[in-house]
Amino acid sequence: MMKIIVLILSILPFLYSKNIDLEIENKKLIQEIDKLEKIVKKQEILLKTKENDKKNHIYYAQECEEESAFPKLMMKNEYQKRSFDENEIITFEASAFRLKTDSIIYDAIDGKDIDMWESRTSFTSNTMSNGWIKISGYFVDRKWKKAQKEMWVKSVQTIKREQ
């Protein structure tokens, strides 16, 4: 009897470890089956798509080699975007502008900062160049005053006021 108990006790750990190994192997196989099922679903979708293409008879148009009989259309000059030289100064009819944010005022394009103006400050200009607006005058107590020195502000910080 003692021999049987010893024999059972010696076999039990072996059987238990085999059971754990089988559980791990089972989990791996289940994961592999899931991967394969996903691949099969993708392949079925591709097959259905190809079958639908054949049923719908999709034809691709060939590119026309002839030159168009219609003349090439051009936009009116006033609506075309003009490319400007980097340092080209553009003049326009004087307009009122307002600062969107507190802004630094410069003595030249990419020059030294000479002043700081608060947002919503109004000024006038008739000149711009490469993202900069020249200040020709500004308002003090609702009265316009001509600028005594050259002043520039970045155009992204301004809003053109409607007349």
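Quick caveat, the model's predicted, so the values are computed rather than measured.

Observations concerning the side chain of S103
Within the secondary structure, S103 is located in strand β2 (residues 103-106). According to the relative accessible area criterion, S103 is buried, its value standing at 0%. Polar contacts involving the side chain of S103 include one to the side chain of Q157, which spans 3.4 Å. Among residues more than four places away in sequence, those in contact with S103 are D115, M116, W117, V153 and Q157.

A short note on the environment of W144
Here W144 shows up in strand β6 (residues 143-154). Judged by its relative accessible area of 46%, W144 is partly exposed. As a C-alpha pair, W144 and T124 span 20 residues in sequence and 8.7 Å in three-dimensional space. When residues no more than four places from it in sequence are discounted, the contact partners of W144 are T124, S136, G137, Y138 and F139.

Notes on the environment of S122
The residue S122 is located in strand β4 (residues 122-129) in this model. Taking the relative accessible area as the measure of exposure, S122 reaches 12% and is therefore buried. Sequence-wise, S122 and W144 are 22 residues apart; in three dimensions their C-alpha atoms are separated by 9.5 Å. Of the polar contacts made by the side chain of S122, one reaches the side chain of R161; its length is 2.9 Å.

Quick word on the pairing of strand β5 (residues 132-140)
Two strands pair when backbone bridges link them, and β4 and β5 are joined in this way by five bridges, in the antiparallel orientation. Following the sheet pairing, T124 is matched in β5 by G137. Following β4, the chain reverses through two residues before pairing antiparallel with β5; N130 in that reversal takes a positive phi of roughly 45 degrees. Sheet analysis places β5 next to β6, joined by eight bridges and oriented antiparallel. In the sheet register, Y138 faces β6, and the bridge partner there is K145. From the end of β5 to the start of β6, which pair antiparallel, there are two residues, and D141 there has a positive phi angle of about 50 degrees.

The rules behind these values
- Residues numbered from 1 in each chain as written.
- Predicted model: local features only at pLDDT ≥ 70, side-chain atom pairs only at ≥ 80, totals over all residues.
- Heavy atoms only, no water.
- Helix = DSSP H or I, 4+ residues; strand = E, 2+ residues; numbered from the N terminus.
- Buried < 20%, exposed > 50% of the residue type's maximum accessible area, 1.4 Å probe, protein only.
- Polar contact = N/O pair within 3.5 Å; in protein donor to acceptor, adjacent residues only side chain to side chain.
- Contact = heavy atoms within 4.5 Å.
- Pairing = 2+ DSSP bridges.

It is worth stressing that arrangement in space is one thing and function is another; only the former is reported here.
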